[in-house]
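The lines below spell out each chain.
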Amino acid sequence: MTELYKQTPLHAIAAQAGAQFTDVDGWQLSQRFSAVEAETAAARAAVALTDLSANGKITIEGHQLEALTAAVWQATAPAVGAGAAADKAYLWRLRPDHLLVTTAPEDVVATLTRLNRAAAALDGLLTITDLTHGRSELWLVGPASAEVLGRLCGLNFGPAAFPNLAVRQSSVAKTAQIILRRDIGQTPAFALLGAASLGAYLWETVMQAGQDVGLAPLGRQAVLGL
Amino acid sequence: MLNNALYRLEPQAGETIDRAQTFTFTFEGRAVIAHPGDTIASALAAAGVHVISRSFKYHRPRGVMCMAGHCPNCLVQVGDEPNVRACQTPAEPDMVVKPQNVWPSLKKDAMAFTGLFSRFMPVGFYYKTFIRPQAMWPLFERILRRIAGLGKVNPATPPDRYDKQYLHTDVAVVGGGPAGLSAALAAAEQGATVSLFDENPQPGGHWRYALPAPDDGPLPDLAAQAEAHPGITVYPETTVLSCYEDNWLSARRGNRLFKIRAGAVIFATGAYDRPLIFDNDELPGVRFGGAAQRLLRLYGVQPGKRAIVVTANDGGWRIAAGLQAAGVSVVAVVDERPESEAGAVSHVLQADARVFWRHTIRAARGAGAVEGADIAPLDAQVRPQFIAGDLIVINIGLTPANGLLYQAQTKISYNEDRAEFLPETLPAGVFAAGRVAGSHAGATELAEGRLAGRQAAAFLGLAPAPPSAEITALAGQKAAGPKRSSARVDVPGSQKRFVCFCEDVTDKDLETAIAEGFDSIELLKRYSTISMGPCQGKMCAANTIHLCARHTGQSVAQTGTTTARPPLAPVSLGVLAGQNMEPVKRTALDAWHRANGAGMMVAGLWMRPEHYGNPPAEVQAVRERVGLIDVSTLGKLQLTGPGAPDFLDRIYVNKWQKLGVGRVRYGVMCNDEGVVMNDGVTARLSETTWYTTTTSSGAGAIFEWMQWWLQSGWGGEVHVTNISEVNAAFNLAGPRARAVLQKLTDADLLNEAFPYMHVRHLTLAGVACMVMRIGFTGELSYEIHCPTGAAHYVWERLLDAGRDFGIAPFGVEAQRILRLEKAHIIVGQDTDALSDPISADMAWAVKLDKADFLGQRPLRQVAQDGPAQRLVGFTMARPGLVPDEGLQIVRPTAAGPEIIGWVTSSRHSPTLNQTIGLCWLPAPLAGQPGATFTIRMNGKLEEARVHHGPFYDPQGDRLRI
Ligand code: FES
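All values reported here derive from a predicted model rather than from experimental measurement. (Residues numbered from 1 in each chain as written. Chains lettered and ligands numbered in written order. Predicted model: local features only at pLDDT ≥ 70, side-chain atom pairs only at ≥ 80, totals over all residues. Heavy atoms only, no water.)

### Observations regarding the overall build of chain B
Right, so step 1: Within chain B, the regular secondary structure consists of 24 helices and 47 strands.
Right, so step 2: For 961 residues, the compact-globule estimate of 2.2 N^0.38 gives 30 Å, and the C-alpha radius of gyration of chain B, at 39 Å, exceeds that figure by more than 25%.
Right, so step 3: Overall, chain B is about 115 × 70 × 55 Å in size when its C-alpha atoms are taken along their principal axes.
Right, so step 4: Residues classed as buried in chain B amount to 58% of the 961 residues present.
Right, so step 5: Put simply, 65% of the contacts in chain B that link residues at least 6 apart link residues at least 24 apart.
Right, so step 6: Carbon together with sulfur atoms contributes 53% to the accessible area of chain B, which is approximately 38,800 Å² in total.
Right, so step 7: Of the side chains in chain B, 92 bear a positive and 93 a negative charge, and the two mean positions are spaced by 4 Å. (Helix = DSSP H or I, 4+ residues; strand = E, 2+ residues; numbered from the N terminus. Rg over C-alpha atoms; globule rule 2.2 N^0.38 Å. Buried < 20%, exposed > 50% of the residue type's maximum accessible area, 1.4 Å probe, protein only. Contact = heavy atoms within 4.5 Å. Areas by Shrake-Rupley, 256 points an atom, 1.4 Å probe, with all protein chains shown as cover. Lys, Arg positive; Asp, Glu negative; His and termini not counted. Charge placed at Lys NZ, Arg CZ, Asp CG, Glu CD.)

### Digging into the pattern of salt bridges
Residues and elements named next belong to chain B.
Right, so step 1: Enumeration over the complete set of coordinates arrives at 46 salt bridges over all chains.
Right, so step 2: We note a salt bridge from D830 to R819, for which the minimum N-O separation is 2.9 Å. Residue D830 is located in the loop between helix 22 (812–821) and helix 23 (856–865), and its partner R819 is located in helix 22; the two are separated by eleven residues in the primary sequence. The burial state of D830 is the same as that of R819; both residues are buried.
Right, so step 3: Put simply, E943 and R945 hold a salt bridge, and the shortest N to O gap is 3.9 Å.
Right, so step 4: With relative accessibility at 35%, the residue R945 sits in the partly exposed group. (Salt bridge = Lys/Arg side-chain N within 4 Å of Asp/Glu carboxyl O.)

### Thoughts on helix 13 (residues 541–552) of chain B
Right, so step 1: The first and last C-alpha atoms of helix 13 of chain B sit 16 Å apart over twelve residues, in line with the 16 Å expected at 1.5 Å per residue.
Right, so step 2: The set of residues buried in helix 13 of chain B consists of B:A542, B:N543, B:T544, B:I545, B:H546, B:L547, B:C548 and B:A549. (Expected span 1.5 Å × (residues − 1).)

### With respect to the packing of aromatic side chains
Right, so step 1: Taken as a whole and assessed by the stated rule, the structure comprises 24 aromatic pairs over all chains.
Right, so step 2: Summarising the aromatic geometry, the rings of A:Y5 and B:Y793 are spaced 5.4 Å apart at their centres and angled 85 degrees between planes, so their arrangement reads as edge-to-face. With A:Y5 in the segment before strand 1 (6–7) and B:Y793 in helix 21 (residues 791–802), this residue pair bridges two chains. For the residue pair A:Y5 and B:Y793, the accessibility class agrees, reading buried in each case.
Right, so step 3: Consider the rings of B:Y666 and B:W844, whose centres lie 6.0 Å apart with planes at 35 degrees: the pair is tilted. Here B:Y666, found in strand 33 (residues 664–670), pairs with B:W844, found in the loop between helix 22 and helix 23; they are 178 residues apart in sequence, far enough to count as distant. (Phe/Tyr/Trp six-rings, centres within 6.5 Å; stacked < 30°, edge-to-face > 60°.)

### Side note on the nonpolar core
Residue and element names in this part refer to chain B.
Right, so step 1: Counting 78 residues, the largest nonpolar core has L249, F267, I308, I361, I392 and I394 as its most contacted members.
Right, so step 2: When residues of this core are assigned to their parent elements, the largest contribution, five residues, is made by strand 13 (residues 256–267).
Right, so step 3: Setting aside residues up to four positions removed in sequence, I308 forms contacts with V331, A332, V334, G372, A373, I375, I387, A388, G389, L391, I392 and V393. (Core = buried A, V, L, I, M, F, W, Y, C linked by side-chain atoms within 4.5 Å.)

### Notes on the interface of chain B and chain A
Right, so step 1: Each partner contributes residues to the interface: chain B has 40 residues there, and chain A has 43 residues.
Right, so step 2: Taking both sides of the interface into account, the surface hidden between chain B and chain A amounts to around 3,400 Å²; carbon and sulfur atoms contribute 54%.
Right, so step 3: Our count for the chain B to chain A interface comes out at two salt bridges.
Right, so step 4: The salt bridge partner of A:D212 is B:R256, with a shortest N-O separation of 2.9 Å.
Right, so step 5: Where chain B packs against chain A, one counts 24 residue pairs in polar contact (both at pLDDT 80 or more).
Right, so step 6: Counting residues per element, the ones that place at least two in the side of chain B that touches chain A are strand 8 (163–174), strand 32 (635–640), strand 36 (719–722) and helix 21 of chain B. (Buried area = accessible area lost by both parts, 1.4 Å probe. Polar contact = N/O pair within 3.5 Å; in protein donor to acceptor, adjacent residues only side chain to side chain.)

### Here we look at helix 7 (residues 314–325) of chain B
Given 3.6 residues per helical turn, the α-helix brings residues three or four places apart onto the same face.
Residue and element names in this part refer to chain B.
Right, so step 1: Compared with the 16 Å implied by 1.5 Å per residue over twelve residues, the 17 Å span of helix 7 between its first and last C-alpha is a close match.
Right, so step 2: Where burial is concerned, most of helix 7 is hidden: ten out of the twelve residues are buried.
Right, so step 3: Burial in helix 7 covers these residues: D314, G315, G316, W317, I319, A320, A321, G322, L323 and Q324.
Right, so step 4: With a side-chain oxygen positioned 3.1 Å from the backbone nitrogen of G315, the residue opening helix 7 is N313.
Right, so step 5: Positioned one or two residues after helix 7, G327 has a phi angle of 90 degrees, which is positive.

### Overview of the sheet that holds strand 21 (residues 385–388) of chain B
Residue and element names in this part refer to chain B.
Right, so step 1: Strand order in the open sheet made by the three strands is 19-20-21, with antiparallel pairing throughout. What marks the edges here is a single partner per strand, and that holds for strand 19 (359–365) and strand 21. Ignoring which end each strand starts from, the neighbouring axes of this sheet average 35 degrees apart. (Pairing = 2+ DSSP bridges. Axes fitted to C-alpha atoms, helices over the stretch in contact; angles between N-to-C directions.)

### Notes on the environment of B:T695
All names here are of chain B.
Right, so step 1: With respect to the helices and strands, T695 occurs in the loop between strand 35 (689–694) and helix 19 (699–714).
Right, so step 2: Judged by its relative accessible area of 17%, T695 falls in the buried class.
Right, so step 3: Put simply, T695 and G680 are 15 residues apart on the chain and 6.6 Å apart in space, counted from C-alpha to C-alpha.
Right, so step 4: The contacts of T695, once residues within four sequence positions are left out, are G635, N678 and D679.
Right, so step 5: Here the side chain of T695 touches N678 through a polar contact of 2.9 Å, side chain to side chain.

### Some details on the confidence of the model for chain B
Right, so step 1: Averaged over every residue, the pLDDT of chain B is 94; residues scoring 70 or more account for 98%.
Right, so step 2: The complex prediction reports pTM at 0.91, with the ipTM value standing at 0.98. (pLDDT = per-residue confidence, 0-100.)

### A closer look at a nonpolar patch on the surface
Residue and element names in this part refer to chain B.
Right, so step 1: Judged by side-chain polarity, M136, L139, I143 and I147 come together as a nonpolar surface patch covering roughly 310 Å² of accessible area.
Right, so step 2: With respect to the helices, strands and loops of the structure, L139 is situated in helix 3 (residues 137–147).
Right, so step 3: When its relative accessible area of 37% is taken as the criterion, L139 is described as partly exposed. (Patch = residues over 30% accessible without salt bridge, like charges linked within 9 Å, V, L, I, M, F, W, Y side chains within 5 Å.)

### With respect to the side chain of B:R623
Right, so step 1: Positionally, B:R623 belongs in helix 17 (residues 615–624).
Right, so step 2: A polar atom in the side chain of B:R623 sits 3.2 Å from the backbone oxygen of B:L818.

### Thoughts on a negative patch on the surface
Residues and elements named next belong to chain A.
Right, so step 1: Side chains of E3, D23, D25 and E106 sit close together on the surface and give a patch of like negative charge.
Right, so step 2: With respect to the element layout, D23 can be found in strand 2 (residues 20–24).
Right, so step 3: Judged by relative accessible area, which is 52%, D23 ranks as exposed.

### Description of the environment of B:D94
Residue and element names in this part refer to chain B.
Right, so step 1: You can see D94 is positioned in the loop between strand 6 (81–85) and strand 7 (96–99).
Right, so step 2: Residue D94 is classed as exposed on the basis of its relative accessible area of 63%.
Right, so step 3: For the pair D94 and V32, spaced 62 residues apart in sequence, the C-alpha to C-alpha distance is 9.6 Å.
Right, so step 4: The residues contacting D94, other than those within four sequence positions of it, are T24 and F25.

### Observations regarding unusual backbone geometry
Right, so step 1: The peptide bond linking B:P566 to B:P567 adopts the cis configuration, its omega dihedral lying at -5 degrees.
Right, so step 2: Position of B:P567 relative to the elements: it lies in the loop between helix 14 (556–559) and helix 15 (573–577).
Right, so step 3: Non-glycine residue A:L165 carries a positive phi angle of around 60 degrees.
Right, so step 4: The class of A:L165 is partly exposed, set by a relative accessible area of 26%.
Right, so step 5: For B:M67, which is not glycine, the phi torsion reads 55 degrees and is therefore positive.
Right, so step 6: Its place among the elements puts B:M67 in the loop between strand 4 (61–62) and strand 5 (75–78).
Right, so step 7: Residue classification places B:M67 among the buried positions, given a relative accessible area of 3%.

### Comments concerning the pairing of strand 19 of chain B
Residue and element names in this part refer to chain B.
Right, so step 1: Burial within strand 19 is extensive, with six of its seven residues counted as buried.
Right, so step 2: Sheet analysis places strand 19 next to strand 20 (residues 372–377), joined by six bridges and oriented antiparallel. Note that in strand 20 the partner of I361 across the bridge is I375.

Rendered as structure tokens:
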């Protein structure tokens, strides 16, 4: 019997772009599109686009977020519009009663378990939902990433208005997206989390918008090397 | 090949061309030599081509007048693109440039005769002449459309690439001249981020081309400083088009539109050369001072060989000296001032240059291009004297480029002393500096720029406000500075004297219009179309105000100005549209569908497989064996919390409190007017977890609708989460569906263990899925919801498992037939914005006896009064006839057919081999099964019969096997 596999919403596009795939926790992920060194160099010099849709995306709604984050991570929840690193997760506060937790693909299940266990011990309604499969997650990585985003979205992506570990919700290329900034070392990086069904459209539209600044696809291997 | 050495000078300081390289392009079929850095117009001027196009109405020859993109006189067709400004467009190798408004050629234009009949074609001529006889209008229209318009569009041209860029900046500086540069530097020095927009390739403004060329000076230094400053971003070749509230600007560079949010805006937009109205004032060879200087300094091109300089200020003398130094013979300088008022016009002109004080030009003379000018004293009534020359330089003053300041709601008034419209009161956060604010001396331009930069920084709280004494002192310096502009806008004459070069409107036309009663400036504009052409008033607006004032006996201030509207400069629709962004939703199986021969269709934002080649065969597969359809597009909402049933009770017309865990119910949702909004099934997964599906197109709107009610006070102890895309969904339908599914799971699927309208969590081929046993198709069917990432895997496993049972994928068309055979409605197709569920044959779902719910009150009324129209099934009397959806149902009456209903769905049923459909009928007729009525098809009335209930398996036995 064929072994269980999972595909991101960008699978067909990545295959068409010549991606080589690798398996991570059952997900078929694009490992690289061209030479890894070239992909890394493009991201460092200008901007590159990568599909990290397999990353865990868990939303939590309810009024006990502080208690929950304290119980799970011994950390305070970040302020609205900000993110914070936690053990094997990043926490992003969308509203006073709405938190987004992102994780690596292999940490989703464990994180959900921890959250559900902690929530069960708390009073009041807390809804924890795994949205991993429902959201595409595209990352624009590189010094020109803010410029490319500025062609698709009216927000100010300047360093003062949108610092590292900030989160905003806005329209990007006429689609609703959660935008996270999580720099990779010194390299600016923005993630776009939106409807999985629009992932392919978004990829194509972002690629087109960044054509003149040399936007190129970036595989997982190059991302890890950044 | 045109000789480009005819007018090309030795290299000039600061020129933009690269003489080391040459290339050619064609103009009207002839090769023109150009250098990189040349514009089309400069290359043509270097080759001695002075006539570039013809005018819009009278087809008069036109050539470079402003060399700044401000007039309409150099519009050409470049390849497929019409209305390209030759003076602003870089020449490129192999470009194909053609003149506009000419036929068959620029020189011998067949329509040039229209000028002879100008007296019969006054302003408003079209409106007056072609209104009668009315029957002739189609003919007139055809002819006028052929003659009118600018340039030619080729609809077959492939679309270009366009995009938009949002910019955010503390301070936006519009204009990169001396004032703009110093403003940008001053603001940046205070810590502001500054974006500087300049329409030219390099910053510097009029200092880049002013004659005589400065040996050095502050300009190069300022430009370099601005480029190097980390807080300043310079946007060259960028034209700011508009200014809206809260400092929201738009600008264009090439095919890109910038949308700019600025904390403060400094307008240092400079000024345009002002035309003087005289006989033949647009004859090729009449050029503004700015054009002569630009040609000479930026492109190393002599603007003519023998120049007559007409001026009213010292600048004209400097231009004359500069021309002379460049080898142009200055034959006359005509200054309307008395010699005593002139400043240090000490530049030495050649001995044979004639100087005329208190004189002005009366007419340009020449056949097709300037051959000389008539000169006359201002005061005395004497015959003008003719002076031969091929270049007339008009340098009588400037019009401040205040269009954006107007848009920014600046109060601008006419300054009689300076003879210019100058800003009086600026809105908060808006500043003006340099020529647009009336500064004409280099030192005041720089000082005013610096001051504006500091004021902008202070406005943003980055620095203390400059002392008011400094502001007052600068105003004093400006007032004491040299006057630049003449109050004179025209001189007497008897021939064609154009005020508006875009639409060939003369001063006589304006006089006539005013005499006809169009005597307010706004009416005059609309009637004469003045300021509505490609120059957008830059050439004509100020002079029109003066003429209007004179003819109405008012002052210029009383006459007022027209409203300045965006865009300030022509902008293509492509630039406004930007990058093509049309979101398309694709399911996780999109690539599979395409690879397997699906004909895709657009359904809302979704792409869905309409069929896989043969919809009737797909229907047959479901009815006889088993079929599989991708219904991932369904909306899916998760409700959690103990308050969920209460909330559902309020949102749906059905009851929910007693739905047991593991059960599924079909629900209908109405708005507060009792109109059907959506439908779908809801499953109770646990005591506090519910799973609701909505129509594919309704997911987002229904989620928002629920959120709206949650936040309006119905949200006690319930959360709604949109998980539409978290799960993919497939419908496995047909008598063999159970057998197929059983191959992927050990769970008991028999009727007793998993009955109709129930939900189960099953592991299918190792994937945790939620499966609902429901039946839109009318067959035993399972709606399988699995994680979207595993969709491809699960789909393939289902097909593998079904191979032995003859499984076939089916598309939307087959699904539509299948559901119609069961008389199931589609919300939005069979219902509209007036349909209530009682009339739509779903009264069984409406529970009027429960507590308040959306639509309860109006539905009570319908229940009490009975519906006026009803949705029912129908069959056609004549076999093979399938009426189009939307056709009218009519009743013949003595007065003609009366519309009594309409068809909402219809198909040929392959299962029943007959036409079936749904339609709206008057309730009494709809209530009689078998009653006949008529549908109007192609002008004929075709008989149909009322049918109640499902057409296929009316008892629903097949769902429960
Ligand atoms: S000469 Fe080109 S716009 Fe005036």
